[in-house]
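# Understanding the architecture of this molecule
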Amino acid sequence: MHVRNTVSFICVLLLTMPWVCLYFLGIRPQPLPLALVSAMAIGGGALLISWAAEAAEVDVSRSLSMAILALVAVMPEYAVDIYLSWQAGKDQHYVGLVSANMTGGNRLLVGIGWSLVAFLTWWSLKQGSRRATKTVTLDKDIALGFLFLACSTAYSLLLPIKGRITLFDALVLSCFYITYICLATKAPRRDVELFGPAQLIASTKPLLRRLFVILLFAYSGFVIFISAEPLAESLKELGKSIGIGEFFMIQWIAPLASEAPEIIVASYFALRLLPTSALTAVISAKLNQWTLLIASLPIVYSISSHMLQPLPLGELQRSEILLTAAQSTFACTILIDFNISLHEAVLLLLLFLSQLSMPLIIPAQKLVELSRDAFSLIYFSLSVWMLLKQRNNLHQLRIALGEMLTYITSREVSKTATEQFATLRRERGSEFDEKPSIKFCGAAGEVTGSCHLVVAGKTSVLLDCGLIQGGKERHIRNREPFTFDASRVEACILTHAHLDHCGRLPLLIKSGFKGRIFATRATCELARIVLLDSAKLNEEDAAWKIKRLKKAGEDYSWVTPLFTTEEALMCIERFEPVDYHEEKSVGDLTFRLLDAGHILGSAMVELQLPSNSESVMLLFTGDLGRRNAPIIRDPELVSECDVLIMESTYAGQIHGGKETYMQTLVEVIEWTRERGGKVIIPSFAIERAQDLLYVLGKLFNSGTVKPLPVFVDSPMAIEALKVFKRHVELYDDEARLRLKQYGDPFAFEGLRTTSTVDESKSINQFEEPCIIIAGNGMCTGGRIKHHLKHNIGNPNCTILFVGYQANGTLGRQIVDGERSVRIFGEQYEVRARVVKIEAFSGHADNDDIDWWLSSFERAPKLTFAVHGEKNALASLKQLLSLRGWKCIIPALNDVWRLL
Ligand SMILES: [Zn+2]
């Protein structure tokens, strides 16, 4: 490996040698050999500089190494433009030429550079893989370059309006660049995977490596600097000798020669499936020209003319700068979603080429000038169109920028390389020394979709694989492919049976997962009920959609259920029950489940990760329960771990006490009974419905409240009740006592369960006061809607909410006090009393979290806050920082090293 790398390094170094030797000997050959040797030198120099920049990433951030690369690669442009503005200070004739080279080169970088990155990445993906998407996805790292590109572009729009570049402009633009470099220095340093000669350089001792990288930057910078001019000149000569006009050569060939290093570097990175590095290199080069180079023009002009004065811009230059700014604006709008599609790349290239070829097509100079402004208009219009198209992605961009700045201020070491590329690169036979890491594939920055991939040694294990439940895009997001290779995941550890933790397991298996799914016995049994119910709903949804499309005469072949009953059953077969505290090993790592006290069978996962030096203990809380919840035990206390992944759903909030909710419940029952009405309780089928029965049983059996009929109108809740009755070993002391006293803590006089639809309908004929518990919990479907339809208009009835109501659901509308609501397509007035009890929550509130944390004897080295909305995550971070703990709020698909 080393031999091959050394050989390629020496070969490339030799490429640069002929011209360097000739240059020092002062020999300038004929145009053809000169073009050849200088092109070789530029190509070699560009490769050397990309290796240097890559190896530099071991020591500094990617953004910084790319910025240094850009600074070195942009040298030829500096040489030309500074020469021209120096001359302009002496001879006004040159003023008209000053910015020509820079604007031309700048547009070439975007028009050819950006599109080339997209094409080459796509082509390279196609070579090595089955999954060549037509969209090139970039890491969030690009956000920093994007920010400064957008700012400097916005500022540069002022220049054509003012008609000159003042020294103040020079100050502002240099400040942009200096700030960019400063932030780039602090940007997150990546765990880089190096290949080829870059790896060879990086593998040397730190001091030697740094020295070598600096030397390489200097040498290749020098080579590029001395080669650009002879290449452009010799090509011009060659063109002349075969009858091509000089003007054409200057327009086309000169910028191509001076931008060649950047284009070569970007192509090299794109072919290596590093599109983010490729684009960062191009953006850095562009940014450099767009800020520092422009800034240097009035300064050099002032010095040369011995007078402090702005550089005047002619008509041509104004429209040139406007056109360049217009193209930059359009390029920025493309990047908003961190993707470049092939279509966008083609558009960029076509626009650039057609604008460039205008002088060839239109002979009249005046028309060419007009066409330039027309192109500016086209670019601006496209930007507006793109902005409208991308408006939904704007908040994503804002988050990425926010994260980038957070990283910069917190200086954490992290890695967000797109796994797809990383995997492909790994598959291509590189040596990849894996340190324990975690990838947050779900419930990062949001509540639902819990899913985290832990990789240690050769083993990868998934913690949860949940459904995304909120948000308009949930249907699309749930169907998106996993951001990791499911076939390489050895096992999944499931914390509990809620759908937002287990709901995508069947899809995991569809994606090639072949391992086992570990969970407590109660979780296995409850998850079976949850998954089968979910499959049935998926199938009904799909059938309904097909029916509707058929009726409308539209194509329905694309409609499929998210997963079917059969697929759910295949998933259930993989379940393997594990007892609390039982040690299990999967590949290189071992784990234990601890009681999380959230719902029956819920668990925290304690993972022991192997490593060369010391082992690392990772604790994932799953959903953490509260103290004194009915039936189940309190969350188990933990004294230590190295890495803590902590849920934060109710951080910063306090649930009402147990006593108050009992009082409210009693009051609601008595109030409704007196009026002869019914209490309608929308309830989740797992845990909440059983909690209600348990509490009602306690009230009735103890004589606190006179019993009244209670209907459990939810087949799923009835099924789950059987699991609760089977697992008495999981009860807390109080439930055990009641078990001893009454035999069945859920039984009481007047309890009726209704499984069939006919039984459910018969409840409507029931005239007496009663309680009806039905699903689903947020009234978006299920039998509860029938009961609401019959009772919501009755002022003697009460609708009692005992769970969280998400935005946009029928339940939320009622809780929010809407006067009339739509049920099954008809409008109903809300006359019934509406009451809400929040204390039934299964999640720890701020006090519970604080109580649980206080059992730690030492602070974890690192804590990640997940499973919460923005405010809750921030509250948890604050809570932890009060204890002096380090807390990170990872973004979706972030990868963090754990050592
Ligand atoms: Zn849960």
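Values in this document were obtained by computation on a predicted structure and should not be read as measured data.

A few words now on the coordination of the zinc ion. Those protein atoms acting as donors to the zinc ion are His 496 (NE2), His 498 (ND1), His 598 (NE2) and Asp 623 (OD), and they sit at 2.2 to 2.3 Å. Taken together, the 4 donor atoms coordinating the zinc ion span angles of 87 to 172 degrees at the metal, a pattern that classifies the geometry as irregular. Sequence spacing of the donors to the zinc ion: H-x1-H-x99-H-x24-D. Placement of the pair is His 498 in the loop between strand S8 (491-493) and helix H20 (499-502) and Asp 623 in the loop between strand S14 (616-620) and strand S15 (643-647), with a sequence separation of 125 residues. On the accessibility criterion, His 498 (22% relative accessible area) is partly exposed. When its relative accessible area of 2% is taken as the criterion, Asp 623 is described as buried.

Look at the link from Gly 775 to Asn 776: it is a cis peptide, with omega at 0 degrees. Relative to the helices and strands, Asn 776 is located in the loop between strand S19 (770-774) and helix H29 (784-791). A positive phi angle is found at Glu 687, which is not glycine, with a value near 70 degrees. Inspection of the secondary structure puts Glu 687 in the loop between strand S16 (678-682) and helix H25 (688-701). Overall, the relative accessible area of 5% leaves Glu 687 in the buried class.

All right, on to the pairing of strand S5 (residues 437-442) then. Counting buried residues along S5, 6 of its 6 residues qualify, which places the element largely inside the surrounding structure. By the bridge criterion, 5 bridges tie S5 to strand S6 (residues 451-456) in an arrangement that is antiparallel. Considered in S6, the bridge of Lys 439 is made with Leu 453. Where S5 and strand S26 (residues 895-897) come together, 3 bridges link them in antiparallel fashion. Residue pairing across strands places Ser 437 opposite Arg 897, the latter belonging to S26.

This part is about the sheet that holds S5. Spatial strand order, S10-S9-S8-S7-S6-S5-S26: 7 strands in an open sheet with mixed pairing. A strand with exactly one partner marks an edge of an open sheet, and here the two such strands are strand S10 (575-577) and S26. Across the sheet, the axes of successive neighbouring strands diverge by a mean angle of 25 degrees, strand direction being ignored. Across the sheet, helix H22 (residues 521-551) lies against strand S9 (516-519) and S10, angled at about 150 degrees from S10, the strand it touches most.

The next thing to look at is helix H10 (residues 206-241). A rise of 1.5 Å per residue sets the reference length of H10, with its 36 residues, at 52 Å; its end C-alpha atoms lie 51 Å apart and thus fit the reference within 8%. In the segment just after H10, Gly 243 is the residue with positive phi, at about 90 degrees.

Further remarks concern the sheet that holds strand S20 (residues 798-801). Read across the open sheet, the 6 strands follow the order S18-S17-S19-S16-S20-S23; overall the sheet is parallel. Strands at the two margins of the open sheet, each flanked by one partner only, are strand S18 (751-753) and strand S23 (833-836). Direction aside, the axes of adjacent strands within the sheet are offset by 20 degrees on average. Where strand S17 (residues 710-713) meets S19, 4 bridges bridge the pair, whose relative direction is parallel. Bridging from a neighbouring strand, Val 712 pairs with Ile 773 of S19. Seen against the sheet, H29 touches S16, S17, S19 and S20 and runs at an angle of roughly 145 degrees to S16.

In this section: the pattern of salt bridges. Inspection of every chain in the model, using the stated rule, returns 24 salt bridges. For the salt bridge of Arg 783 with Asp 713, the shortest nitrogen-to-oxygen distance reads 2.6 Å. Remark: Asp 713 occurs in strand S17 and Arg 783 occurs in the loop between S19 and H29; sequence separation between them is 70 residues. Each member of the pair, Arg 783 as well as Asp 713, carries the same accessibility label: buried. Taken together, the shared-partner salt bridges connect Glu 640, Asp 642, Arg 858 and Lys 861 into one network.

Interaxial distance between helix H2 (residues 31-56) and H10 falls to 7 Å at its minimum, and their mutual angle equals 150 degrees. By the criterion of interaxial angle, the relationship of H2 to H10 is roughly antiparallel. Classified by chirality, the crossing of H10 by H2 is left-handed. Residues that form the contact of H2 with H10 fall into these classes: 25 nonpolar, 5 polar and 1 charged.

So, on to the domain arrangement of the protein. Taken domain by domain, the protein holds domain 1 (2-406), domain 2 (434-653 + 844-897) and domain 3 (669-836). Computed from C-alpha atoms alone, the centre-to-centre distance between domain 2 and domain 3 is 29 Å. In this complex, domain 2 contributes 20 residues to the contact, which on the side of domain 3 involves 21 residues. Of the roughly 1,700 Å² buried between domain 2 and domain 3, counting both surfaces, carbon and sulfur atoms make up 70%. Sorting the residues of domain 2 by area buried against domain 3 places Ile 529, Leu 600 and Ile 631 first, and these three jointly supply 39% of that buried surface. Summed over the shared surface of domain 2 and domain 3, the number is 1 salt bridge.

Conventions we followed
Residues numbered from 1 in each chain as written. Predicted model: local features only at pLDDT ≥ 70, side-chain atom pairs only at ≥ 80, totals over all residues. Heavy atoms only, no water. Donors = N, O, S within 2.8 Å, 3.2 Å for Na, K, Ca; no water. Tetrahedral: all angles 85-135°; square planar, octahedral: opposite > 155°, others 65-115°. Helix = DSSP H or I, 4+ residues; strand = E, 2+ residues; numbered from the N terminus. Buried < 20%, exposed > 50% of the residue type's maximum accessible area, 1.4 Å probe, protein only. Pairing = 2+ DSSP bridges. Axes fitted to C-alpha atoms, helices over the stretch in contact; angles between N-to-C directions. Contact = heavy atoms within 4.5 Å. Expected span 1.5 Å × (residues − 1). Salt bridge = Lys/Arg side-chain N within 4 Å of Asp/Glu carboxyl O. Parallel < 35°, antiparallel > 145°, perpendicular 65-115°, else oblique. Left-handed = near helix turned anticlockwise from the far one by under 90°. Nonpolar A, V, L, I, M, F, W, Y, C, P; charged D, E, K, R; others polar. Domains from an automatic or database assignment. Buried area = accessible area lost by both parts, 1.4 Å probe.

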